[in-house]
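Listed below are the residues making up each chain.
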Amino acid sequence: MRHRPNRAALLVLPGLIFLSATFIYPLIGLFLRSMDPEGRLSFTAPRFALLNYAGLLSDPLYQVILKNTFIVAAVATVVTLVLAYPVCYFMSRLPGRWAKVLLILALFPFWTSILVRLFAFTQILPHFGVMYTTTATVIGMVYYLLPYMIAVLYATMVGIDNELINAARTLGANMRQAMLRIFMPLTKPGVAVGSTMVFVISLGFFLTPALLGGGSDLTVSTYIQQQVNIAKWGRASAMGTVLLVLTLVAYYGFNRLFGSDKGGILGGGSQKGVSRTEGLRMTWPVASGFVLTIAVFAFLLAPLVIVVLLSFTSTTYLSFPPKGFSGRWYTGFFTDRDWLGSAWLSLKVAALTAVTATILGLLTAIGLVRGNLPFQRFMSAMFLAPLIVPVILIAVSLFDIANRFHLVGTLTGYVAGHALLALPVTVLIASNALRSIGTELELAARTLGASRVRAFLSVTARMIAPSLAVAAIFAFVTSWDEPVVALFMSTGRSTLPVHIFNHIQTEVSPMVAAVSTMLMAVVLLGGLFYALVSALRRRRLQAGFGG
Amino acid sequence: MNHSGYAASSGQGGELAIENVTHRYGTVNVLNNISARIPGGEFLTLLGASGSGKTTLLRIIGGLITPSEGRISVAGRDITGLPPERRDIGFVFQSYALFPHMTVGENVAFSLSVRGIPKQESSRRVEESLELVGLKGLSGRYPGQLSGGQQQRVALARALVFKPNMLLLDEPLGALDRQLRQQLAVELRSLQRRSGITMIYVTHDQEEAFTMSTLVAVMTNGAIRQMAPPADLYRSPSDLTVAQFVGDLNEAACEAAGTADGGVRIQSPFGPLVSTYTSASSHGRGVCAVRPEHLRLRPGEPSDAVNEIGATVRAVIFGGSWHRVDLELPSGVVWRAEGRGEPPAVEEGGRVTVSFDPERLMLFMNNGAR
């Protein structure tokens, strides 16, 4: 089939230009620096030598760092998988609305600022004597990764028809055999996707080792940051290139190894009037899995509860259990110009990011879905790439470019960085929405006399509006919660996450706990609001269909 | 279909006894104190509308649900608490429940491999049962690559390969098109007759039930209304609900007023009628009913003979091998007459006489007696 792009294809241009400026061009810059013996950047007269890479090979320190990064990532991935698997199994076999409640609880940490989570662990881990060790890093990573793994595995497992297990039982398999031979093989695609995702995220961890692992725990990401700080661009960018290549290899390799599509045709059967728990009898493996599930939920939620408790302390220092009860740290926040200034900056950046990323995302999606572009798959992959590339590389390369154009510390700099991070998701959401409604309705509107633009606005745009709202919220949260790019971009006034980061590193005042609690409250209220709105919408729809 | 090896397994699993089985989801009774005995070797169909409890009963027999109360036994052995894998009962699921990650061959071999049957014998039996269902040579395919009818056959082969002493089927033909349903129903019937294995089949389709079964149990509201061979069920349903469920019905409210002329005298909206329907009760209010194929039509007004009613023709429908005439009876009741071949020489809007034999006039009293 020949590809003849139509006018809609032009709409990818703004997104493509943005992506080139903030992602492709900076990464090429990083690569060129890694090739230059002195780590200098020159697009006009680049020098190509493998000196920096040779350095990586010969210096034992680099090898330790690489090995450390890999082992820590692998251990964190395995632990996350082992914890999430039984939990998801239980959730997937529970009646729908219970599972929904548990899923929301499991994902709550995901919606909580990463710095709130890290702060919680800086307060808890010293009590267990593991602070500033690799163990602390792994615990913090697992905590961060669990919601991702749970979301992916749950989605896979809930799609596995209980009838398949029943079928295995009637054919003579006991519960253990049915699990080993039917259920677990069917979860393989989910395990592969979840593990790849989690492992790739693990390779790029930066804040967690920096705050929990202490100086002793060097990973590739922390090393890159250190080298950039002392302007050793050659080594930093060589290490960055290696990290990028390893990430892509890991991604590709996992997919090749496990990503077979055989299990993709899950028998989505009807289970009319049959309770999903009918096969679940209380035996001891079931009971121990149940206990593990409760333990994992306690692990996910307890740190956040502790932060809330800490925020009401009346002392000027942090101690657990908190002494006294006072709201002084809350009033303190609203009278502190530094904190308020950071919050205001974060709000501005997040709002502008939401607008920018959503508009770019929508235009790009229209171009990709409707434009009949050549290399459509490759283009789509390019727009998703910022999701895979470790955030430290994005941050470092953006910082490099922003520096050249004097954008560091400016609103433009922040928004460009955050919009880049949010763009893949907004493109994805908008593309799915566009694809799911198709063009039929828009064509119907045009046969009724509406112009092309009018038809799009009055039919398609209105139908995808809820999806765009979700995309905007996602972009807002991405920016609001983003610390790494912001850390490199900030001079003087910093965004809220960076401000918290600096506080955790320097002084430990209960103010951070109060700020964290307020951030969680905002997420909680937002979630409640969203649930309320969607419940109302559902009711209205049902009423509309006379159901 | 070939059936090598299956005739030998006839001898059946013995009588299946369902004793006082009640099942609740929360506070809702899905099954209400059901008792039934099904002799070995029967093809029993549980026939009922959705929500009648037929699938729940089937799952209880298969061990997928433990009943809230009651007992299930096979050949005198109580199996109520036995897990499904120890019941030796084959189950064909509505969704087929084929393992999507295994080939057809692996699916069919599954029951043999968990039983530790050697590879060689296993593959021989897999081939044999795939041949039995007409799928020879497809064992390397994945379920996703098969048509609905083929998937259904794989499910059947998989449930039969370990020679269970009973086979349970939960609306296995529901997802297929009409022609294929009929074909597979006939195949299933002959498979059951040859092998002599007890089969229990769940459906809401009366035609399917009658095609295959030696026994049909009509279920409503979690209870078995009547269990009988298809012909008995059709000719002498125990109550109006059963009668309505098996075949079409022309109905009218009526009152029985004693016996005369060797039958029950009936007052109907169309004047006096006579019924000699089996064991019809002779007094009280109720409903009388005639099946459409038992109505006779002739042009002109009724005579003095029994069970003749004057009617106006509303529509004459020629359906090829069958015909149907819609009739408006006195007091505006609409009945329907059906028959084979060409429709009788009556005209739309014309007057005709409807008549039927006294033994065809079913009578169901309001108190439940017939």
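Residues numbered from 1 in each chain as written. Chains lettered and ligands numbered in written order. Predicted model: local features only at pLDDT ≥ 70, side-chain atom pairs only at ≥ 80, totals over all residues.

Engineer: Any details on the confidence of the model for chain B? Residues and values, ideally.
Structural biologist: Residues and elements named next belong to chain B. For chain B, per-residue confidence averages 89 on the pLDDT scale, and residues scoring 70 or more make up 94% of the total. Residue range residues 1–11 is modelled with pLDDT below 50. Its contacts to residues more than four positions away, or to other chains, number 24 contacts. Interface confidence for the predicted complex, given as ipTM, is 0.80, next to a pTM of 0.80. (pLDDT = per-residue confidence, 0-100. Contact = placed C-beta atoms within 7 Å.)

Engineer: If you had to explain the packing of helix H4 (residues 96–111) of chain A against helix H13 (residues 284–311) of chain A to someone new, which residues and values would you point to?
Structural biologist: Residues and elements named next belong to chain A. Taken N-terminus to C-terminus, the directions of H4 and H13 make an angle of 45 degrees; their axes are 10 Å apart at the nearest point. Classified by the angle between their axes, H4 and H13 sit oblique to one another. Along this stretch, H4 crosses H13, giving a crossing that reads as left-handed. Along its contact with H4, which presents Leu105, Ala106, Phe108 and Pro109, the element H13 presents Phe297, Leu300, Leu301 and Leu304. In the contact of H4 with H13, the residues fall into 8 nonpolar, no polar and no charged. (Axes fitted to C-alpha atoms, helices over the stretch in contact; angles between N-to-C directions. Helix = DSSP H or I, 4+ residues; strand = E, 2+ residues; numbered from the N terminus. Parallel < 35°, antiparallel > 145°, perpendicular 65-115°, else oblique. Left-handed = near helix turned anticlockwise from the far one by under 90°. Nonpolar A, V, L, I, M, F, W, Y, C, P; charged D, E, K, R; others polar.)

Engineer: So what about the pairing of strand E3 (residues 43–48) of chain B? Which residues, and what values?
Structural biologist: On a regular strand, one side chain projects to one face of the sheet and the next to the other, so that they alternate. All names here are of chain B. Within E3, 6 of the 6 residues are buried, which leaves the element mostly enclosed by the surrounding structure. Burial of the side chains of E3 extends over both faces: Phe43, Thr45 and Leu47 are buried on one face and Leu44, Leu46 and Gly48 on the other. Pairing of E3 with strand E8 (residues 198–203), which is carried by 5 bridges, proceeds in the parallel orientation. Considered in E8, the bridge of Leu47 is made with Thr203. With 5 bridges joining them, E3 and strand E9 (residues 215–220) adopt parallel strand pairing. Bridge pairing in E9 places Leu46 opposite Ala217. (Buried ≥ 20, exposed ≤ 12 C-beta atoms within 10 Å, placed from the backbone. Pairing = 2+ DSSP bridges.)

Engineer: Could you give me a rundown of the nonpolar core, with the residues and numbers involved?
Structural biologist: Ala395(A), Val396(A) and Val485(A) are the most contacted members of the largest nonpolar core, which has 132 residues in total. Considering every element that reaches this core, the biggest residue donor is helix H15 (residues 337–370) of chain A, with 15 residues. The residues touching Val396(A), leaving out its near neighbours within four places in the chain, are Leu30(A), Ile224(A), Val228(A), Ala236(A), Gly240(A) and Phe488(A). The next biggest cluster of nonpolar side chains, apart from the first, holds 111 residues, and it includes Leu47(B), Ile72(B), Val74(B) and Val242(B). (Core = buried A, V, L, I, M, F, W, Y, C linked by C-beta atoms within 7 Å.)

Engineer: How would you sum up the sheet that holds strand E1 (residues 16–25) of chain B? Please name residues and give values.
Structural biologist: All names here are of chain B. Taken together, 4 strands build an open sheet; the order of strands is E2-E1-E4-E5 and the sheet is antiparallel. At either end of the open sheet lies a strand with only one pairing partner, and these are strand E2 (28–38) and strand E5 (77–78). Taken together, the 7 bridges between E1 and E2 define a ladder with antiparallel strand orientation. Paired with Ala17 across the two strands is Arg37, which belongs to E2. Lying on the sheet, helix H1 (residues 54–62) is in contact with E1, E2 and strand E4 (69–74); it crosses E2 at an angle near 60 degrees.

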